[in-house]
Amino acid sequence: MADQPQEQDAAEVPEQRIPTVIADELHIVYRVNGAKTGKGSATAALSRILRRGEQRGVRTVHAVKGVSFVAYRGEAIGLIGSNGSGKSTLLRAIAGLLPAEKGRVYTDGQPSLLGVNAALMNDLTGERNVILGGLAMGMSREQIKARYQEIVDFSGINEKGDFITLPMRTYSSGMAARLRFSIAAAKDHDVLMIDEALATGDRRFQQRSEERIRELREEAGTVFLVSHNNTSIRDTCDRVLWLERGELRMDGPTEEVLKEYEKFTGK
Ligand SMILES: Nc1ncnc2c1ncn2[C@@H]1O[C@H](COP(=O)(O)OP(=O)(O)OP(=O)(O)O)[C@@H](O)[C@H]1O
């Protein structure tokens, strides 16, 4: 090999930050069909006359309004904000599940959204779902086989009996969430987005999950975590995006943003 730059260079050159997700003035609008009620009533007829210019029976919800940020490899980013502020919508848009009304999202690779696009089937056993989920994430049968036990152990599903051979519909919502997280966490993701998954497990499972999130970051991925639990955010994230009414209200180091957010919520 030719002369490699020496360590001294590595120390002087600022660490290169590789962007994984770029949101550029992103707007997301939901269109709800047939949202109006009382179709035959006089008031409905009147309102139809008054709204003549509008598209009939379609209402719009502007859920994300001009959000811009750049996420880098190795970052764990918390998404916070009141109910309905647009956190889940933003994640779904990053995952490519919702089209942008205006603006754009650029991603490095295919981001995985844990919770929503986990293709698990309630009538199949946990065992079959581990295989199905693994295949859906692009793992080979051999890779899944090699990690199967690890996934089941991580989920803790079998701690109270042989639940993994029972259909998923027999699981509590916490157990199902644990299994989903365990399947998703078995793969190294470029961008992993987790929507409230940590809220459902017990404290021990939360600690295991937080540990795994740290590992995923070290494996050069980017992790997004939506949570209403400020402790989970503090324990796992180094940066926080705060959304309110669809707008990005603050983007910065976890402590700084949480301090303002806690003032806002009065906690
Ligand atoms: N499928 C949908 N169709 C129409 N409107 C939607 C849909 N999903 C969400 N919304 C609306 O978009 C806005 C943002 O919702 P979103 O679920 O992204 O918020 P959130 O911050 O994740 O909320 P929460 O903390 O309660 O989970 C809300 O006004 C909500 O009513």
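How each quantity is defined
Residues numbered from 1 in each chain as written. Predicted model: local features only at pLDDT ≥ 70, side-chain atom pairs only at ≥ 80, totals over all residues. Helix = DSSP H or I, 4+ residues; strand = E, 2+ residues; numbered from the N terminus. Buried ≥ 20, exposed ≤ 12 C-beta atoms within 10 Å, placed from the backbone. Near = placed C-beta within 6 Å. Nonpolar A, V, L, I, M, F, W, Y, C, P; charged D, E, K, R; others polar. Pairing = 2+ DSSP bridges. Axes fitted to C-alpha atoms, helices over the stretch in contact; angles between N-to-C directions. Contact = placed C-beta atoms within 7 Å. Expected span 1.5 Å × (residues − 1). Bend = angle between axes of the 7 residues up to and from the residue. pLDDT = per-residue confidence, 0-100. Core = buried A, V, L, I, M, F, W, Y, C linked by C-beta atoms within 7 Å. Parallel < 35°, antiparallel > 145°, perpendicular 65-115°, else oblique. Left-handed = near helix turned anticlockwise from the far one by under 90°.

Description of the overall build of the protein
- Across its full length, the protein carries ten helices and nine strands.
- A buried classification covers 33% of the 267 residues belonging to the protein.

Digging into the site of the ligand
- Residues in close proximity to the ligand include Tyr30, Val32, Val61, Ala63, Gly81, Asn83, Gly84, Ser85, Gly86, Lys87, Ser88 and Thr89, which together make up its full environment.
- Of all the elements in the fold, those that place two or more residues in the shell around the ligand are β1 (19-33), β2 (58-72) and α3 (87-94).
- Here the shell around the ligand takes three residues from α3, the largest share from any one element.
- In terms of residue class, the shell around the ligand is made up of four nonpolar, seven polar and one charged.

Some thoughts on the sheet that holds β2
- Sheet architecture is open: three strands sit in the order β2-β1-β4, paired in antiparallel fashion. Of all strands in the sheet, those with a lone pairing partner are β2 and β4 (102-107), marking the two edges. Neighbouring strand axes in the sheet, compared pairwise and without regard to direction, differ in orientation by 25° on average.
- Pairing geometry for β1 and β2, over twelve bridges, is antiparallel. What sits directly across from Ile28, in β2, is Val64.
- Sitting on the sheet, α3 touches β1, β2 and β4, and the angle it makes with β2 is about 70°.

Remarks on the pairing of strand β9 (residues 247-253)
- As paired elements, strand β8 (residues 239-244) and β9 share six bridges and run antiparallel to each other. Residue pairing across strands places Arg239 opposite Pro253, the latter belonging to β9.
- Hairpin connection of β8 to β9: two residues between the antiparallel strands, including Arg245 at a positive phi of 50°.

Some details on helix α5 (residues 141-155)
- A rise of 1.5 Å per residue sets the reference length of α5, with its 15 residues, at 21 Å; its end C-alpha atoms lie 20 Å apart and thus fit the reference within 8%.
- The largest bend in α5 comes to about 50°, at Arg147.
- For α5, the full list of buried residues reads Ile144, Ile151, Phe154 and Ser155.
- Where α5 is buried, its residues meet α4 (126-136), α6 (173-185) and α8 (203-218).
- Positive backbone phi, approximately 70°, marks Gly156, located one or two places after α5.

Concerning the sheet that holds strand β7 (residues 222-226)
- Taken together, six strands build an open sheet; the order of strands is β5-β6-β7-β3-β8-β9 and the sheet is mixed. Looking at which strands have only one partner, the edges of the open sheet turn out to be β5 (112-114) and β9. Strand-to-strand, the axes of this sheet are offset by a mean angle of 20°, without reference to chain direction.

Notes on the confidence of the model for the protein
- Per-residue pLDDT for the protein averages 84, and the proportion of residues at 70 or more is 84%.
- Considering only residues more than four positions removed or in separate chains, one finds that residues 1-8, a stretch of pLDDT under 50, has one contact.

Remarks on the nonpolar core
- The biggest cluster of nonpolar side chains holds 58 residues, and the ones touching the most others in it are Leu79, Met193, Leu225 and Val240.
- Looking at this core, the element that brings in the most residues is α6, giving eight residues.
- Among all residues touching Leu225, those that are not within four sequence positions of it are Ala76, Gly78, Leu79, Ile194, Ile233, Thr236 and Cys237.

What to know about the packing of α4 against α5
- It is at 10 Å that the axes of α4 and α5 come closest, and there the two elements cross at 125°. Here α4 is positioned oblique relative to α5, judged by the angle of their axes. Between α4 and α5 the crossing geometry is right-handed. Together, Val130, Ile131 and Gly134 of α4 and Ile144, Tyr148, Ile151 and Val152 of α5 make up the contact between the two elements.
- Partitioning the contact of α4 with α5 into residue classes produces six nonpolar, one polar and no charged.

Re α3
- With six of its eight residues buried, α3 lies for the most part within the structure.
- Looking only at α3, the buried set comprises Lys87, Thr89, Leu90, Leu91, Ala93 and Ile94.
- A positive backbone phi angle near 85° is found at Gly96, which sits one or two residues after α3.

A word on the environment of Gly103
- Note on placement: Gly103 falls in strand β4.
- Among the residues examined, Gly103 registers 17 C-beta atoms within 10 Å and is labelled partly exposed.
- For the pair formed by Gly103 and Gly57, sequence separation is 46 residues and the distance between their alpha carbons is 26 Å.
- The residues touching Gly103, leaving out its near neighbours within four places in the chain, are Asp24, Glu25, Leu26, His27 and Gly66.

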